Amino acid sequence: MIIGIPKEIKNNENRVGMTPAGVRELVAHGHTVYVQHTAGEGSGFADSEYEAAGASILPEIADVYGIAEMIIKVKEPIEPEYKLVRKGQLLFTYFHFACDRELTMTMLESGATCIAYETVVGPQGGLPLLIPMSEVAGRMSVQEGARFLEKPQGGRGILLGGVPGVKPAKVLVLGGGVVGRNAALMAAGLGADVTITDISLPTLRHLAEVMPRNVKTLYSSRHNIETELTTTDLVIGSVLIPGAKAPHLVTADMLRLMRKGTVMVDVAIDQGGCFETSHATTHSDPVYTVDGIVHYAVANIPGAVPYTSTMALTNATLPYALRLADKGWQESCKADKGLAEGVNIVDGKVTFKAVAEAFDLPYTPLSI
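Please read all numbers here as calculations on a predicted model, not as lab measurements.

> I tried to follow the packing of helix α1 (residues 20-28) against helix α10 (residues 306-327) on my own but got confused; where do I start?
As a packed pair, α1 and α10 sit with axes 10 Å apart at the nearest point and diverge in direction by 15°. One element, α1, and the other, α10, form an angle in the roughly parallel class. By crossing handedness, the relation of α1 to α10 is classed as right-handed. Between α1 and α10, the residues in contact are G22, E25 and L26 and T314, L318, A321 and L322, respectively. Each residue belonging to the contact of α1 with α10 can be placed in one class, and the counts come to 4 nonpolar, 2 polar and 1 charged.

> When you look at the sheet that holds strand β5 (residues 90-93) in this model, what are you seeing that I'm missing?
Pairing between the strands of a sheet comes from backbone hydrogen bonds, and it takes one of two forms, parallel or antiparallel. Reading across from one edge, β3-β2-β1-β4-β5-β6-β14-β15 is the order of the 8 strands in this open sheet, with mixed pairing throughout. Of all strands in the sheet, those bounded by a partner on one side alone are β3 (56-58) and β15 (349-350). Of the pairings in the sheet, the one linking strand β1 (residues 2-5) to strand β4 (residues 70-72) comprises 2 bridges and is parallel in character. From the neighbouring strand, G4 faces β4, where its bridge partner is I71. In the packing of α1 onto the sheet, the strands contacted are β1, β2 (32-36) and β4, and the crossing angle to β2 comes to about 150°.

> Even after reading the chapter, I still don't get a nonpolar patch on the surface, so can you show me in this structure?
There is a patch of nonpolar side chains on the surface, built from L159, V163 and V166 and spanning about 280 Å² of accessible area. Among the structural elements, V166 can be located in the loop between α6 (131-148) and β7 (170-174). Residue classification places V166 among the exposed positions, given a relative accessible area of 51%.

> Whenever I open this one, the packing of α6 against α10 confuses me. Can you help?
Angle between the axes and distance between the axes: these two values describe a pair of packed helices. At their nearest, the axes of α6 and α10 sit 8 Å apart, and the two run at 155° to each other. Considered as vectors, α6 and α10 are oriented roughly antiparallel to each other. Judged by residue contacts, P132, M133 and V136 of α6 engage S309, A312, L313 and A316 from α10. Along the lines of polarity and charge, the residues of the contact of α6 with α10 split into 6 nonpolar, 1 polar and no charged.

> How should I be thinking about the pattern of salt bridges in this particular structure?
Pairing between side chains of opposite charge can happen when their charged atoms approach one another. Taken as a whole and judged by the stated rule, the model has 15 salt bridges. For the salt bridge of D270 with K75, the shortest nitrogen-to-oxygen distance reads 3.3 Å. Here the residue D270 occupies a position in the loop between β11 (263-266) and β12 (287-290), and K75 occupies one in the loop between β4 and α4 (79-82), the gap between them amounting to 195 residues. For the pair D270 and K75, one class covers both residues: buried. With a closest N to O distance of 3.1 Å, R259 and D233 form a salt bridge. On the criterion of sequence distance, the pair formed by R259 in the loop between β10 (234-237) and β11 and D233 in the loop between α9 (222-229) and β10 is long-range, its members being 26 residues apart. Here the residues in one salt-bridge network are K10, K75, E76 and D270, joined through shared partners.

Each value, and the rule that gives it
Residues numbered from 1 in each chain as written. Predicted model: local features only at pLDDT ≥ 70, side-chain atom pairs only at ≥ 80, totals over all residues. Heavy atoms only, no water. Axes fitted to C-alpha atoms, helices over the stretch in contact; angles between N-to-C directions. Helix = DSSP H or I, 4+ residues; strand = E, 2+ residues; numbered from the N terminus. Parallel < 35°, antiparallel > 145°, perpendicular 65-115°, else oblique. Left-handed = near helix turned anticlockwise from the far one by under 90°. Contact = heavy atoms within 4.5 Å. Nonpolar A, V, L, I, M, F, W, Y, C, P; charged D, E, K, R; others polar. Pairing = 2+ DSSP bridges. Patch = residues over 30% accessible without salt bridge, like charges linked within 9 Å, V, L, I, M, F, W, Y side chains within 5 Å. Areas by Shrake-Rupley, 256 points an atom, 1.4 Å probe, with all protein chains shown as cover. Salt bridge = Lys/Arg side-chain N within 4 Å of Asp/Glu carboxyl O. Buried < 20%, exposed > 50% of the residue type's maximum accessible area, 1.4 Å probe, protein only.

Set out below in C-alpha coordinates:
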(Lines give C-alpha, C1' and ligand atoms only; values in the text may rest on other atoms or scores of the structure.)
Protein backbone atom coordinates (compact mmCIF):
# COMPACT_ATOMS: atom_id res chain seq x y z
CA MET A 1 0.00 0.00 0.00
CA ILE A 2 1.09 3.59 -0.59
CA ILE A 3 1.00 5.46 2.72
CA GLY A 4 1.23 9.22 3.18
CA ILE A 5 2.20 11.13 6.31
CA PRO A 6 1.46 14.85 5.88
CA LYS A 7 2.64 17.68 8.08
CA GLU A 8 0.02 18.77 10.61
CA ILE A 9 -1.23 22.31 9.93
CA LYS A 10 -3.56 22.88 12.86
CA ASN A 11 -2.51 25.77 15.12
CA ASN A 12 0.65 24.82 17.05
CA GLU A 13 0.18 21.14 16.28
CA ASN A 14 3.72 19.82 16.37
CA ARG A 15 2.93 16.11 16.51
CA VAL A 16 3.31 13.88 13.45
CA GLY A 17 1.36 10.79 12.48
CA MET A 18 4.25 8.32 12.62
CA THR A 19 7.78 8.18 14.01
CA PRO A 20 10.72 7.06 11.83
CA ALA A 21 10.69 3.78 13.76
CA GLY A 22 7.06 3.25 12.77
CA VAL A 23 7.85 4.06 9.15
CA ARG A 24 10.62 1.49 9.21
CA GLU A 25 8.11 -1.20 10.22
CA LEU A 26 5.71 -0.23 7.43
CA VAL A 27 8.51 -0.35 4.87
CA ALA A 28 9.66 -3.72 6.23
CA HIS A 29 6.17 -5.02 5.45
CA GLY A 30 6.64 -4.01 1.82
CA HIS A 31 4.70 -0.75 1.85
CA THR A 32 5.73 2.54 0.26
CA VAL A 33 5.76 5.52 2.60
CA TYR A 34 5.83 9.20 1.64
CA VAL A 35 6.45 11.84 4.29
CA GLN A 36 5.96 15.56 3.75
CA HIS A 37 9.05 17.73 4.06
CA THR A 38 9.63 18.77 7.72
CA ALA A 39 6.54 16.83 8.91
CA GLY A 40 8.46 15.45 11.87
CA GLU A 41 10.54 18.47 12.80
CA GLY A 42 8.12 19.70 15.47
CA SER A 43 8.43 16.35 17.24
CA GLY A 44 12.20 16.24 16.90
CA PHE A 45 12.45 13.94 13.85
CA ALA A 46 14.42 15.14 10.81
CA ASP A 47 13.65 14.28 7.19
CA SER A 48 16.93 12.36 7.11
CA GLU A 49 15.65 10.01 9.82
CA TYR A 50 12.57 9.18 7.76
CA GLU A 51 14.71 8.65 4.67
CA ALA A 52 16.99 6.33 6.66
CA ALA A 53 13.87 4.40 7.67
CA GLY A 54 12.96 3.90 4.00
CA ALA A 55 10.49 6.75 3.36
CA SER A 56 10.57 9.19 0.47
CA ILE A 57 10.20 12.91 1.20
CA LEU A 58 7.71 15.00 -0.77
CA PRO A 59 7.79 18.81 -0.73
CA GLU A 60 4.10 19.75 -0.40
CA ILE A 61 1.04 18.47 1.43
CA ALA A 62 -0.85 18.16 -1.87
CA ASP A 63 1.85 15.79 -3.13
CA VAL A 64 1.32 13.49 -0.15
CA TYR A 65 -2.48 13.43 -0.42
CA GLY A 66 -2.24 13.07 -4.18
CA ILE A 67 -0.22 9.86 -4.14
CA ALA A 68 -1.30 8.10 -0.93
CA GLU A 69 -3.89 5.34 -0.68
CA MET A 70 -3.87 5.70 3.12
CA ILE A 71 -3.22 8.91 5.03
CA ILE A 72 -1.95 8.56 8.60
CA LYS A 73 -2.35 11.77 10.62
CA VAL A 74 -2.75 13.02 14.16
CA LYS A 75 -5.59 15.55 13.88
CA GLU A 76 -8.59 15.76 11.62
CA PRO A 77 -8.18 17.47 8.22
CA ILE A 78 -8.91 21.19 8.39
CA GLU A 79 -10.25 23.49 5.67
CA PRO A 80 -7.05 23.82 3.55
CA GLU A 81 -6.91 20.00 3.38
CA TYR A 82 -10.55 19.40 2.49
CA LYS A 83 -10.05 19.62 -1.25
CA LEU A 84 -7.09 17.21 -1.07
CA VAL A 85 -9.10 14.25 0.26
CA ARG A 86 -10.37 12.07 -2.55
CA LYS A 87 -12.87 9.27 -3.14
CA GLY A 88 -11.70 5.86 -2.00
CA GLN A 89 -8.83 7.23 0.05
CA LEU A 90 -8.42 5.84 3.58
CA LEU A 91 -7.86 8.37 6.38
CA PHE A 92 -6.65 7.08 9.74
CA THR A 93 -6.59 9.82 12.39
CA TYR A 94 -8.47 11.50 15.22
CA PHE A 95 -11.71 12.94 13.78
CA HIS A 96 -14.13 13.78 16.62
CA PHE A 97 -16.89 14.14 14.03
CA ALA A 98 -19.76 14.62 16.49
CA CYS A 99 -18.74 18.19 17.32
CA ASP A 100 -17.87 19.35 13.78
CA ARG A 101 -20.66 19.36 11.21
CA GLU A 102 -18.55 20.99 8.48
CA LEU A 103 -15.86 18.32 8.75
CA THR A 104 -18.49 15.57 8.76
CA MET A 105 -20.26 16.87 5.67
CA THR A 106 -16.97 17.45 3.83
CA MET A 107 -15.75 13.92 4.49
CA LEU A 108 -19.13 12.54 3.39
CA GLU A 109 -18.90 14.50 0.14
CA SER A 110 -15.31 13.36 -0.45
CA GLY A 111 -16.21 9.68 -0.71
CA ALA A 112 -13.26 8.77 1.52
CA THR A 113 -13.18 6.07 4.21
CA CYS A 114 -12.60 7.62 7.63
CA ILE A 115 -11.35 5.50 10.52
CA ALA A 116 -11.32 7.49 13.76
CA TYR A 117 -8.69 6.64 16.36
CA GLU A 118 -11.05 7.70 19.14
CA THR A 119 -13.72 5.06 18.46
CA VAL A 120 -11.52 1.99 17.84
CA VAL A 121 -12.23 -0.55 20.58
CA GLY A 122 -9.54 -2.85 22.00
CA PRO A 123 -9.73 -6.64 22.44
CA GLN A 124 -10.48 -6.21 26.15
CA GLY A 125 -12.67 -3.17 25.57
CA GLY A 126 -11.55 0.40 26.12
CA LEU A 127 -10.25 2.82 23.52
CA PRO A 128 -6.61 1.87 22.88
CA LEU A 129 -5.86 4.64 20.38
CA LEU A 130 -7.34 7.32 22.60
CA ILE A 131 -5.66 6.17 25.81
CA PRO A 132 -2.11 7.43 25.17
CA MET A 133 -3.26 10.94 24.28
CA SER A 134 -5.74 10.88 27.17
CA GLU A 135 -2.87 10.05 29.50
CA VAL A 136 -0.88 12.99 28.15
CA ALA A 137 -3.87 15.36 28.19
CA GLY A 138 -4.82 14.39 31.74
CA ARG A 139 -1.37 15.15 33.06
CA MET A 140 -1.02 18.29 30.95
CA SER A 141 -4.40 19.58 32.16
CA VAL A 142 -3.05 19.93 35.69
CA GLN A 143 0.23 21.40 34.50
CA GLU A 144 -1.62 24.04 32.47
CA GLY A 145 -4.22 24.59 35.19
CA ALA A 146 -1.49 25.26 37.74
CA ARG A 147 0.07 27.81 35.39
CA PHE A 148 -3.15 29.74 34.86
CA LEU A 149 -3.89 29.76 38.58
CA GLU A 150 -0.96 32.19 38.82
CA LYS A 151 -2.09 35.78 39.32
CA PRO A 152 -0.26 37.20 36.26
CA GLN A 153 -2.13 34.64 34.15
CA GLY A 154 -5.53 35.68 35.50
CA GLY A 155 -5.90 33.07 38.22
CA ARG A 156 -6.48 33.35 41.95
CA GLY A 157 -2.76 33.32 42.71
CA ILE A 158 -2.72 29.93 44.38
CA LEU A 159 0.14 27.42 44.47
CA LEU A 160 -1.36 24.02 43.72
CA GLY A 161 0.45 22.20 46.50
CA GLY A 162 0.47 25.00 49.06
CA VAL A 163 3.34 25.26 51.57
CA PRO A 164 3.68 24.35 55.26
CA GLY A 165 1.13 26.41 57.13
CA VAL A 166 -0.91 27.23 53.99
CA LYS A 167 -3.56 24.87 52.61
CA PRO A 168 -3.09 23.49 49.09
CA ALA A 169 -5.41 24.30 46.21
CA LYS A 170 -8.61 22.29 45.78
CA VAL A 171 -8.90 20.45 42.48
CA LEU A 172 -12.16 18.95 41.16
CA VAL A 173 -11.82 16.32 38.43
CA LEU A 174 -15.04 15.52 36.57
CA GLY A 175 -14.84 11.98 35.20
CA GLY A 176 -12.92 8.96 36.41
CA GLY A 177 -11.70 7.67 33.05
CA VAL A 178 -8.16 7.73 31.68
CA VAL A 179 -7.95 11.54 31.54
CA GLY A 180 -9.47 11.96 34.98
CA ARG A 181 -7.25 9.35 36.63
CA ASN A 182 -4.11 10.88 35.18
CA ALA A 183 -5.21 14.39 36.13
CA ALA A 184 -5.96 13.28 39.68
CA LEU A 185 -2.60 11.53 40.03
CA MET A 186 -0.74 14.56 38.69
CA ALA A 187 -2.59 16.98 40.96
CA ALA A 188 -2.14 14.69 43.95
CA GLY A 189 1.55 14.37 43.21
CA LEU A 190 1.86 18.15 43.36
CA GLY A 191 0.20 18.11 46.77
CA ALA A 192 -3.26 19.42 45.89
CA ASP A 193 -6.48 18.49 47.69
CA VAL A 194 -8.21 16.46 44.95
CA THR A 195 -11.78 15.28 44.47
CA ILE A 196 -12.63 13.02 41.52
CA THR A 197 -16.21 12.33 40.44
CA ASP A 198 -17.92 9.68 38.34
CA ILE A 199 -21.37 8.11 37.92
CA SER A 200 -20.01 4.55 38.09
CA LEU A 201 -19.81 3.12 41.60
CA PRO A 202 -17.38 0.36 40.53
CA THR A 203 -15.11 3.06 39.07
CA LEU A 204 -15.31 5.09 42.28
CA ARG A 205 -14.55 2.00 44.38
CA HIS A 206 -11.50 1.25 42.25
CA LEU A 207 -10.30 4.85 42.43
CA ALA A 208 -10.74 4.87 46.20
CA GLU A 209 -8.49 1.80 46.40
CA VAL A 210 -5.67 2.94 44.12
CA MET A 211 -5.50 6.72 44.47
CA PRO A 212 -3.22 8.53 46.94
CA ARG A 213 -4.64 9.63 50.30
CA ASN A 214 -5.15 13.23 49.13
CA VAL A 215 -7.63 12.09 46.45
CA LYS A 216 -11.28 11.71 47.50
CA THR A 217 -14.04 10.17 45.40
CA LEU A 218 -17.52 11.64 44.95
CA TYR A 219 -20.59 10.50 43.07
CA SER A 220 -21.24 12.82 40.13
CA SER A 221 -24.56 14.65 40.45
CA ARG A 222 -25.56 18.22 39.79
CA HIS A 223 -25.99 18.86 43.51
CA ASN A 224 -22.57 17.47 44.38
CA ILE A 225 -20.84 19.37 41.58
CA GLU A 226 -22.50 22.63 42.58
CA THR A 227 -21.46 22.13 46.20
CA GLU A 228 -17.83 21.44 45.23
CA LEU A 229 -17.60 24.41 42.87
CA THR A 230 -18.03 26.90 45.72
CA THR A 231 -14.62 26.01 47.17
CA THR A 232 -12.73 24.63 44.16
CA ASP A 233 -9.72 26.41 42.64
CA LEU A 234 -9.16 24.23 39.55
CA VAL A 235 -11.77 22.20 37.65
CA ILE A 236 -10.69 19.54 35.15
CA GLY A 237 -13.43 18.42 32.75
CA SER A 238 -12.66 14.93 31.46
CA VAL A 239 -15.99 13.35 30.53
CA LEU A 240 -16.14 11.16 27.43
CA ILE A 241 -18.97 9.43 25.59
CA PRO A 242 -17.14 7.61 22.76
CA GLY A 243 -17.82 9.24 19.42
CA ALA A 244 -20.59 11.46 20.81
CA LYS A 245 -20.86 15.04 22.01
CA ALA A 246 -19.85 15.55 25.62
CA PRO A 247 -22.56 16.50 28.16
CA HIS A 248 -22.41 19.89 29.90
CA LEU A 249 -21.61 19.12 33.53
CA VAL A 250 -20.89 22.74 34.42
CA THR A 251 -23.57 25.07 33.10
CA ALA A 252 -23.31 28.80 32.55
CA ASP A 253 -25.35 29.58 35.65
CA MET A 254 -22.96 27.53 37.81
CA LEU A 255 -20.15 30.00 37.20
CA ARG A 256 -21.72 32.35 39.75
CA LEU A 257 -21.03 29.73 42.43
CA MET A 258 -17.29 29.94 41.81
CA ARG A 259 -14.71 32.41 43.08
CA LYS A 260 -13.15 34.85 40.62
CA GLY A 261 -9.89 33.54 39.22
CA THR A 262 -10.93 29.88 39.43
CA VAL A 263 -9.55 27.96 36.44
CA MET A 264 -11.51 25.44 34.35
CA VAL A 265 -9.66 23.13 31.94
CA ASP A 266 -11.96 21.45 29.43
CA VAL A 267 -10.16 18.35 28.15
CA ALA A 268 -13.40 17.24 26.47
CA ILE A 269 -13.37 20.20 24.06
CA ASP A 270 -12.57 17.88 21.12
CA GLN A 271 -16.02 16.40 21.68
CA GLY A 272 -17.75 19.75 22.13
CA GLY A 273 -16.71 20.41 25.72
CA CYS A 274 -18.25 19.50 29.08
CA PHE A 275 -18.61 23.12 30.25
CA GLU A 276 -21.48 25.06 28.69
CA THR A 277 -19.32 28.18 28.39
CA SER A 278 -16.45 26.40 26.61
CA HIS A 279 -15.29 27.12 23.10
CA ALA A 280 -12.13 25.79 21.49
CA THR A 281 -8.90 27.74 21.97
CA THR A 282 -5.35 27.28 20.69
CA HIS A 283 -1.89 26.98 22.20
CA SER A 284 -1.11 30.49 20.98
CA ASP A 285 -4.22 31.94 22.64
CA PRO A 286 -5.24 29.30 25.20
CA VAL A 287 -7.54 31.06 27.68
CA TYR A 288 -10.45 33.44 27.98
CA THR A 289 -12.55 34.63 30.91
CA VAL A 290 -16.29 34.34 31.49
CA ASP A 291 -17.76 35.96 34.61
CA GLY A 292 -14.29 36.08 36.14
CA ILE A 293 -13.66 32.36 35.58
CA VAL A 294 -10.60 31.43 33.49
CA HIS A 295 -11.37 28.90 30.75
CA TYR A 296 -8.63 26.79 29.15
CA ALA A 297 -10.02 24.83 26.19
CA VAL A 298 -7.16 23.98 23.85
CA ALA A 299 -8.37 21.33 21.43
CA ASN A 300 -5.01 19.61 20.99
CA ILE A 301 -3.42 19.71 24.44
CA PRO A 302 -0.90 16.90 23.73
CA GLY A 303 0.47 18.98 20.84
CA ALA A 304 2.35 21.03 23.43
CA VAL A 305 4.60 18.05 24.21
CA PRO A 306 4.97 16.59 20.71
CA TYR A 307 7.96 14.33 21.24
CA THR A 308 6.30 12.44 24.09
CA SER A 309 2.92 12.47 22.34
CA THR A 310 4.15 11.26 18.96
CA MET A 311 6.12 8.42 20.51
CA ALA A 312 3.13 7.35 22.62
CA LEU A 313 0.69 7.63 19.73
CA THR A 314 2.82 5.58 17.33
CA ASN A 315 3.19 2.86 19.96
CA ALA A 316 -0.60 2.51 19.92
CA THR A 317 -1.48 3.10 16.25
CA LEU A 318 1.32 1.19 14.50
CA PRO A 319 -0.14 -2.34 14.95
CA TYR A 320 -3.44 -1.14 13.47
CA ALA A 321 -1.73 0.76 10.65
CA LEU A 322 0.22 -2.36 9.72
CA ARG A 323 -2.94 -4.46 9.56
CA LEU A 324 -4.77 -1.86 7.49
CA ALA A 325 -1.86 -1.63 5.07
CA ASP A 326 -1.28 -5.39 4.89
CA LYS A 327 -4.89 -6.51 4.42
CA GLY A 328 -6.84 -3.39 3.45
CA TRP A 329 -9.45 -1.81 5.70
CA GLN A 330 -12.31 -4.17 4.81
CA GLU A 331 -10.46 -7.43 5.53
CA SER A 332 -8.89 -5.89 8.64
CA CYS A 333 -12.27 -4.86 9.99
CA LYS A 334 -13.79 -8.26 9.24
CA ALA A 335 -11.09 -9.81 11.38
CA ASP A 336 -11.25 -7.21 14.16
CA LYS A 337 -14.67 -5.97 15.25
CA GLY A 338 -13.02 -3.42 17.51
CA LEU A 339 -11.25 -1.85 14.55
CA ALA A 340 -14.56 -1.87 12.68
CA GLU A 341 -15.94 0.37 15.45
CA GLY A 342 -13.45 2.97 14.26
CA VAL A 343 -15.05 3.24 10.82
CA ASN A 344 -17.15 6.40 11.01
CA ILE A 345 -17.68 7.27 7.34
CA VAL A 346 -17.51 5.17 4.17
CA ASP A 347 -18.17 6.40 0.63
CA GLY A 348 -20.62 9.12 1.60
CA LYS A 349 -22.38 7.21 4.37
CA VAL A 350 -22.21 7.64 8.16
CA THR A 351 -21.44 4.26 9.70
CA PHE A 352 -21.08 5.36 13.33
CA LYS A 353 -24.44 5.85 15.03
CA ALA A 354 -23.46 8.65 17.44
CA VAL A 355 -22.20 10.80 14.56
CA ALA A 356 -25.42 10.30 12.61
CA GLU A 357 -27.48 11.20 15.68
CA ALA A 358 -25.40 14.31 16.38
CA PHE A 359 -26.42 15.87 13.05
CA ASP A 360 -29.68 14.03 12.32
CA LEU A 361 -28.10 12.25 9.36
CA PRO A 362 -29.01 8.81 7.99
CA TYR A 363 -27.17 6.00 9.75
CA THR A 364 -25.88 3.10 7.65
CA PRO A 365 -24.53 0.12 9.63
CA LEU A 366 -21.12 -0.96 8.36
CA SER A 367 -21.40 -3.74 5.80
CA ILE A 368 -18.19 -5.59 4.94
